[in-house]
Amino acid sequence: MFMGHAQKNDEEQIKAFYDSALTNATGYHWLNYLSNQIGGRLSGSVQAQQAVDYTKLQLDSLGVDKVWLQPVMVPKWVRGTPEFAYYETTPGMTTNVAICALGGSVATPPKGLKAKIVEVEGIEALEQLGEKEIAGKIVFFNKPMDPTSINTFEAYSNCVDQRYAGAMEASKYGAVGVIVRSMNLRLDDYPHTGSMGYGDQPVSERIPAAAISTNGAELLSTSLKLNPDINFYFKQNCKQFQDVESYNVIGEITGSTLPNEIIVVGGHLDSWDLGDGSHDDGAGCVQSMEVLNLFKTTGYRPKRTIRVVLFMNEENGLRGGNAYADWASKGKEHHIFALESDSGGFTPRGFTLDATDKEIENIEAWKPLFKPYLIHFFEKGFGGADIGPLKKSTNQNIVLAGLRPDSQRYFDYHHAENDTFEQVNQRELQLGAATMTSLIYLVDKYGLD
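Residues numbered from 1 in each chain as written. Predicted model: local features only at pLDDT ≥ 70, side-chain atom pairs only at ≥ 80, totals over all residues. Heavy atoms only, no water.

*Asks:* Where do I start with the overall build of the protein chain in this structure?
*Replies:* Each helix and strand counted, the protein chain has 14 helices and 16 strands in total. Its C-alpha atoms give the protein chain a radius of gyration of 23 Å, within 12% of the compact-globule value 22 Å for 449 residues. Sorting the 449 residues of the protein chain into buried and exposed places 59% on the buried side. Within the protein chain, contacts between residues at least 6 apart in sequence are counted, and of these 83% link residues at least 24 apart. Put simply, the protein chain shows about 18000 Å² of open surface, and 51% of that area lies on carbon and sulfur atoms. Taking the 40 positively charged and 56 negatively charged side chains of the protein chain as two groups, their mean positions are separated by 2 Å. (Helix = DSSP H or I, 4+ residues; strand = E, 2+ residues; numbered from the N terminus. Rg over C-alpha atoms; globule rule 2.2 N^0.38 Å. Buried < 20%, exposed > 50% of the residue type's maximum accessible area, 1.4 Å probe, protein only. Contact = heavy atoms within 4.5 Å. Areas by Shrake-Rupley, 256 points an atom, 1.4 Å probe, with all protein chains shown as cover. Lys, Arg positive; Asp, Glu negative; His and termini not counted. Charge placed at Lys NZ, Arg CZ, Asp CG, Glu CD.)

This is the structure:
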């Protein structure tokens, strides 16, 4: 797909992207503001709207061809006052543990919920115990992420069902609440939130669900082995409100010769409310914005339209991704490629590609251009949650890609209070932005045929 002097020009252009990203850390400064001046950006919150306003203003300041807001209705779930939990081994002897409500959960009764607790390792263990052992109790899901999985996202996917569907499934056996081990490979005291759902259960049958820190889970599990008759108490005050209007933030550089062929790059602007969402996914948003910035600062004018989309509501609804895909489909827009960054701002390693074998082979022909930057990972796999609906709604032969940074530390911070700006390394973040820009540059210049 390139040869001779074309390859030399590509080497020079890609070096210009990396040089600019590493000497002018615009994305890092944007992230600083999103994290430290705005904070956690849960869908429907004041902070989410502030992030919409701020990122639109920054895209406007780049002097790109178009910037606009796409309205989208999003859920509004509010955590309420801080959660509290303890367990009681003997009357009057209590041990406090760190918990947080799972996103979308109902509240406990106003005075909290206290019951015997039963430990299971995953949803599949519920049937083995049955209603006799579960009814009237709190179910403690304690299936850990597999520490032997080098691909930490694989470890996550193999046990996250207990977080999302644990309450719905446990209630079928008469459970009155659930406590779920945090999706975290590290032992620490931070509970990690995340979305959960009740399916079509009537509101009256829904039971409260909370995450417990990994240290808390280990302590509780050990205590249950010593005394199976432990009483567990927790109190949370979360509430689901009516949907509210929010926005996807969109900006583009219109293609010079093939403007109707669209390349999308994006991340999700919303985050959970415990930390400030720096890794998940403030990093992906500012890296995506940096793509347009690096094109402008290096003087590269794309042939195709390069569009940044900062999606709203990935964490607890995917409304932004679905709304954008529906809009693109109705407008009969022709998207050829979409790239998402939603795996943290760590050192980039490469990309996963939702594409045909031939398309992946074509992209792999560019690997020599990435080798000087230690980017070596090009494999078939998942593109991204927000861009996924594009493939279904537009019915087009679109290639989806996901930036893949080193993932070993990602779940230390994922959905937790410690996902904060100081956990993001400026150089690693900017390397990711340059890597994304380079791939989009090559797709723009050569296409994927």
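Additional details are given in the paragraphs that follow.
*Asks:* It is not clear to me how the sheet that holds strand E12 (residues 304-311) should be interpreted in this structure. Could you clarify?
*Replies:* The strands that make up a sheet are held in pairs by hydrogen bonds between backbone atoms, and each pair lies either parallel or antiparallel. The eight strands lie next to each other as E1-E10-E12-E11-E13-E16-E14-E15, forming an open sheet whose pairing is mixed. Every interior strand has two partners, whereas the edge strands, strand E1 (66-78) and strand E15 (377-380), have only one. Sheet twist, expressed as the average angle between the axes of neighbouring strands with direction ignored, equals 20°. In this sheet, E15 lies alongside strand E14 (residues 348-354) in parallel orientation, the contact comprising four bridges. Looking across to E15, one finds that Leu353 is bridged to Lys380. Packing against the sheet, helix H3 (residues 46-61) makes contact with E1, strand E10 (239-253) and E12, and its axis sits at approximately 5° to E10. Against the sheet, helix H9 (residues 319-330) makes contact with E1, E10, strand E11 (258-268), E12 and strand E13 (334-340), and its axis sits at roughly 140° relative to E1, the strand it touches most. (Pairing = 2+ DSSP bridges. Axes fitted to C-alpha atoms, helices over the stretch in contact; angles between N-to-C directions.)

*Asks:* Would you take a moment to explain the nonpolar core for this structure?
*Replies:* Side chains of a nonpolar character, in soluble globular proteins, are inclined to be buried together. In this structure, Leu269, Phe295, Phe337, Phe351, Phe370 and Ile440 are the most contacted members of the largest nonpolar core, which totals 68 residues. By residue number, the principal contributor to this core is helix H14 (residues 426-446), which donates nine residues. The contact partners of Ile440, leaving out residues within four places of it in the chain, are Ile263, Val265, Val291, Phe295, Ile306, Phe337 and Leu339. (Core = buried A, V, L, I, M, F, W, Y, C linked by side-chain atoms within 4.5 Å.)

*Asks:* Looking at this structure, how should I read the pairing of strand E16 (residues 399-405)?
*Replies:* Note on strand geometry: in a regular strand, side chains alternate between the two faces of the sheet. Burial of E16 is extensive: seven of the seven residues sit out of reach of the surface. Of the two faces of E16, both are covered, the one formed by Val399, Ala401, Leu403 and Pro405 as well as the one formed by Leu400, Gly402 and Arg404. In the sheet, E13 pairs with E16 via four bridges, with the strands oriented parallel. Looking at E16, one finds that Phe337 is bridged to Val399. Here E14 pairs with E16 via six bridges, running antiparallel. From the neighbouring strand, Leu353 faces E16, where its bridge partner is Ala401.

*Asks:* Explanation requested: the pattern of salt bridges in the structure shown.
*Replies:* Once their charged atoms are close, side chains differing in charge can pair, the charge on each being opposite to the other. Scanning the entire structure with this criterion turns up 22 salt bridges. Close ionic contact of Arg349 with Asp406 constitutes a salt bridge, the shortest N to O distance being 3.2 Å. With Arg349 in strand E14 and Asp406 in the loop between E16 and helix H13 (410-413), the pair connects residues that are 57 residues apart, well separated along the chain. Salt bridges sharing partners connect three or more residues here, namely Lys66, Glu252, Arg307 and Glu333. (Salt bridge = Lys/Arg side-chain N within 4 Å of Asp/Glu carboxyl O.)

*Asks:* Help me understand helix H6 (residues 161-171), please; the structure alone is not making it clear to me.
*Replies:* Because an α-helix packs 3.6 residues into every turn, residues spaced three or four apart end up facing the same way. The element H6 is extensively covered by neighbouring structure, given that eight of its eleven residues are classed as buried. On its buried face, H6 is in contact with helix H4 (125-134), strand E6 (138-141), helix H5 (152-157), strand E7 (177-181) and strand E8 (209-212).

*Asks:* Teacher, can you tell me more about the sheet that holds strand E3 (residues 93-96) here?
*Replies:* One open sheet accounts for eight strands, arranged E3-E2-E9-E5-E6-E7-E8-E4; its pairing is mixed. Because the sheet does not close on itself, it has two edges, and the strands there are E3 and strand E4 (99-101). Across this sheet, the average inter-strand angle for adjacent strands is 30°, counted without regard to direction. In the sheet, strand E2 (residues 84-90) pairs with E3 via four bridges, with the strands oriented antiparallel. Counterpart to Thr90 in the pairing with E3 is Met93. Each of strand E5 (113-120) and E6 touches H4; the most contacted strand, E5, lies at about 145° to it.

*Asks:* Whenever I open this one, the packing of helix H2 (residues 26-38) against helix H8 (residues 278-298) confuses me. Can you help?
*Replies:* When two helices pack together, their arrangement is captured by the angle between the axes and the distance separating the axes. Following both chains from N to C, one finds H2 and H8 inclined at 140°, their axes separated by 9 Å at the closest point. Considering the angle they form, H2 stands oblique to H8. In the packing of H2 onto H8, the handedness of the crossing is right-handed. Contacts between H2 and H8 involve Thr26, Gly27, Trp30, Leu31, Leu34 and Ser35 from the first element and Ser278, Gly282, Ala283, Val286, Met289, Glu290 and Asn293 from the second. (Parallel < 35°, antiparallel > 145°, perpendicular 65-115°, else oblique. Left-handed = near helix turned anticlockwise from the far one by under 90°.)

*Asks:* Whenever I open this one, the packing of aromatic side chains confuses me. Can you help?
*Replies:* How two aromatic rings sit relative to each other is set out by the distance from centre to centre and by the angle between their planes. Applying the stated criterion across every chain yields a total of 25 aromatic pairs. Ring centres of Tyr324 and Trp327 lie 5.6 Å apart, and the angle between their planes is 45°; on these two criteria the pair is classed as tilted. On the criterion of helical spacing, the pair formed by Tyr324 and Trp327 is a turn pair, its members being three residues apart in helix H9. What makes Tyr324 buried here is its relative accessible area of 1%. For Trp327, a relative accessible area of 33% puts it in the partly exposed group. A connected cluster of aromatic rings, assembled from ring pairs, spans Phe153, Tyr156, Phe346, Tyr410, Phe411 and Tyr413. (Phe/Tyr/Trp six-rings, centres within 6.5 Å; stacked < 30°, edge-to-face > 60°.)

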